[in-house]
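Examination of the molecular architecture
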Amino acid sequence: MSTLDEKFSPLRLLAALIDETDPVLVRLVDRARRVDGLLPTRAALEAGPLSVAGDTVELFYLGAASDEDYLHAQTACEAMCAFGTTAERELATLSLAVLEASSIVYRQRFIVSRTTVEADARLASAAAASIAPWQRLVASAMRATMRISA
Amino acid sequence: MSTTPEHNSNSSQRATASAAASASAQVFGETVSVATPRVTTKRDSFPLTQRGWLVAQLAQGTDGLARINNYVMETYSEPLSNYVAGSSFRSMGSAKDLVSGFFASRLSQLGYFERWIESELPLRRWLINGFLFHLQEETRRIRTERVDALPTISSAEPATSEHDAVEQFDRLWAASMVRSAAGNARERCATEGFAMHWDMFERHFIGGLSYSGLSQEFTVTGGQAASMVRTASIRFRQAVVDLLLRDGATEDELDEEVTRLMRALRP
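Keep in mind that what you see is a predicted model, and the values were worked out from it rather than measured. The numbering scheme is per chain: residues are counted from 1 as the chain's sequence reads. Chain letters and ligand numbers both follow the written order, the letters beginning at A and the numbers at 1. The predicted nature of this model means local features are confined to residues of pLDDT at least 70 and side-chain atom pairs, given and counted, to a pLDDT of 80 or more, with totals for whole chains, interfaces and linings taken over all residues. The side-chain values count all of the structure's non-hydrogen atoms but skip hydrogen atoms and water molecules.

Each helix is a run of DSSP H or I of at least 4 residues and each strand a run of E of at least 2, with the numbering of both proceeding from the N terminus. The helix and strand inventory of chain A stands at nine helices and zero strands. Listing every helix and strand of chain A by position from the N terminus yields α-α-α-α-α-α-α-α-α. Dimensions along the principal axes, computed over C-alpha positions, put chain A at roughly 55 × 35 × 25 Å. By residue count, 49% of the 150 residues in chain A fall in the buried class. Note on contacts: a residue pair is in contact if any heavy atoms of the two residues lie within 4.5 Å. Sequence separation of at least 24 residues holds for 61% of the intrachain contacts in chain A that already meet a minimum separation of 6. Under the convention used here, a 1.4 Å probe and the Shrake-Rupley method define accessible areas, while residue burial counts only the protein chains that appear. In the form shown here, chain A has an accessible surface area of approximately 7,100 Å², with 55% of it arising from carbon and sulfur atoms. A positive count includes Lys and Arg, and a negative count includes Asp and Glu. His and the chain ends are not counted in either. For the purpose of locating charges, the reference atoms are NZ of Lys, CZ of Arg, CG of Asp and CD of Glu. In chain A, the 15 positive side-chain charges and the 19 negative ones have mean positions that sit 4 Å from each other. Relative accessibility decides the category of a residue: with a 1.4 Å probe and only protein chains considered, values under 20% of the type maximum give buried, values over 50% give exposed, and everything between is partly exposed.

Attention shifts here to the pattern of salt bridges. Whenever Lys or Arg places a side-chain nitrogen within 4 Å of a carboxyl oxygen from Asp or Glu, that contact is recorded as a salt bridge. Across all of its chains, the model carries 21 salt bridges over all chains by this definition. One salt bridge connects A:R109 with A:D67, and the closest N-O pair in it is separated by 3.9 Å. Taken together, the residues span a long stretch of sequence, with A:R109 in the loop between α7 (86-107) and α8 (116-129) and A:D67 in helix α6 (residues 67-83) at a distance of 42 residues. A relative accessible area of 45% places A:D67 in the partly exposed class. Between B:E217 and B:R203 there is a salt bridge, with the nearest N and O atoms lying 2.7 Å from each other. Taken together, the residues span a long stretch of sequence, with B:E217 in helix α8 (residues 211-217) and B:R203 in helix α7 (residues 195-205) at a distance of 14 residues. On the accessibility criterion, B:E217 (41% relative accessible area) is partly exposed.

Here we come to the environment of B:L110. Tracing the backbone shows B:L110 in the loop between α3 (95-107) and α4 (112-119). Using a relative accessible area of 77% as the deciding quantity, one classes B:L110 as exposed.

What follows concerns the side chain of B:H134. Here B:H134 is to be found in helix α5 (residues 123-144). Apart from the residues lying within four places of it in its own chain, the contact partners of B:H134 are B:L98, B:G101, B:F102, B:S105 and B:R106.

On to the packing of helix α9 (residues 222-246) of chain B against helix α10 (residues 254-265) of chain B. Residues and elements named next belong to chain B. Axis lines are fitted through C-alpha atoms, for helices just across the contact stretch, and the angle between N-to-C directions can take any value from 0 to 180 degrees. Here α9 crosses α10 at 95°, and the two axes come no closer than 11 Å. Between α9 and α10, the angle is such that the two are roughly perpendicular. For the pair α9 and α10, contact is made by V241, L244 and L245 and by L254, E257, V258 and L261, respectively. Only Asp, Glu, Lys and Arg are considered charged, only Ala, Val, Leu, Ile, Met, Phe, Trp, Tyr, Cys and Pro nonpolar, and every remaining residue, Gly among them, polar. Here the contact of α9 with α10 is built from residues that sort into six nonpolar, no polar and one charged. Orientation is classified from the angle alone, with under 35 degrees giving roughly parallel, over 145 giving roughly antiparallel, 65 to 115 giving roughly perpendicular, and any other angle giving oblique.

Throughout, nonpolar core names a set of buried Ala, Val, Leu, Ile, Met, Phe, Trp, Tyr and Cys residues whose side chains join them through atoms within 4.5 Å. Ranked by internal contacts, the top residues of the largest apolar core, which has 108 residues, are A:F60, B:V72, B:Y76, B:Y83 and B:F236. With 13 residues, helix α6 (residues 162-191) of chain B is the single largest residue contributor to this core. What counts as a domain boundary in this text is fixed by an automatic or database domain assignment. There are two domains that each give this core at least three residues, and those are domain 1 (5-160) and domain 2 (165-264) of chain B. Look past the residues within four positions of B:Y76 in its chain and what remains in contact with it is B:Y71, B:F103, B:L123, B:R124, B:L127, B:F169, B:W173 and B:D247.

The next point concerns the side chain of B:T231. The topology assignment puts B:T231 in helix α9. The exposure class assigned to B:T231 is buried, which follows from its relative accessible area of 6%. Here a polar contact is taken to be a pair of N or O atoms separated by no more than 3.5 Å, where protein atoms must pair a possible hydrogen donor with a possible acceptor and residues adjacent in sequence count only if both atoms sit in side chains. Side chain to side chain, B:T231 and A:R33 meet in a polar contact 3.4 Å long. If near-sequence neighbours (up to four positions away) are discounted, B:T231 is found in contact with A:R33, B:F194 and B:H197.

What follows deals with the packing of helix α2 (residues 61-85) of chain B against α3(B). Helix-helix packing is described using two parameters, namely the angle between the two axes and the distance between the axes. Residue and element names in this part refer to chain B. Their axes nearest at 9 Å, the elements α2 and α3 cross at an angle of 140°. Compared by their axis directions, α2 and α3 come out oblique. As for how α2 packs across α3, the hand of that crossing is right-handed. Contact residues: α2 offers N69, V72, M73, Y76, S77, L80, S81, V84 and A85, while α3 offers A95, K96, L98, V99, F102, F103 and L107. Broken down by class, the residue content of the contact of α2 with α3 amounts to 12 nonpolar, three polar and one charged. A clockwise turn of the near helix away from the far one marks a right-handed crossing, whereas an anticlockwise turn of less than a right angle marks a left-handed crossing.

By themselves, these figures tell us nothing about what the structure is for.
Given below as structure tokens:
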């Protein structure tokens, strides 16, 4: 195996200091990592901004949502991200990542991510911060993202 | 010739007391703990609180000065040597000897680091300025001794412009600093039982492997991959912060400093 010096790219490493994804999601990852704080619950996620389009589980977990439902939920998440309290912004950011996962799985399309790298980072963070059954959806989306980029 | 900070003849100021106090600062968008020396001085305007670890060492007298000298030689020898090796000064002798000569002549000077503090320059900038001045002194000395084997150095002008030298040295220093920070972070991860986390961090940020790819290669979930990379990434961030603070950056300047170093490293 090559040593760090041999394969080393200072620029790439320095770029690692700039978080790849939404800082709010990174904050949630840190909280999940340290297990020392509250994360949005399943109930909060399902009753949050995603629910403006209807039954969250049926629409986005089971895949019954139309394009209009995705748009409606996205708008609600973004509004809460912009104007909510700290806790609401966290819930909305996580909801947006879950919505992204649903869109990748059921529509093979990104909602907020511009690249597969960005989507991969967003989904991984969401996977760290969300709970079952949504974690399974996010994990499926991560695998699907790899296939999309391949 | 441009004036170097070494030409300043201000009397040296001595930190009279310091005690390292723990503090937290917003660095790269997140809160990290940093050692912030609490220092009192003879002069209110003396920007000691901005000079971190080195100032705290200065206040500890001879022992502290020895630690500073060791740190400076350990940290700046490589980029200074690489700078000489890539410049027209290389014909003057071996890079190692020239750097050693520079350290010998400057680090023994009374008040050398106090003058750096007064200059308000990053330490690397202070050192490269001093090093250029030292090289020019050496050029003159050799010429005076009628050694005529200096084909590449003109007597009419310095061998390189200060601006170019500073840019080139920034690039070399940044590479050396990041390498050193990565080594420190890797070591810390290994010590704390996070060797695998560091491997994943490297595979992701250097190798470009996605989190999804990491989860397959290391047999973890995507969420675990994100958490483990983050664990290593925080240690790397802290290692970079430590080195930038030692170079004289303030907490407020860290983001800007990283951006500047990234610019310097771009091909």
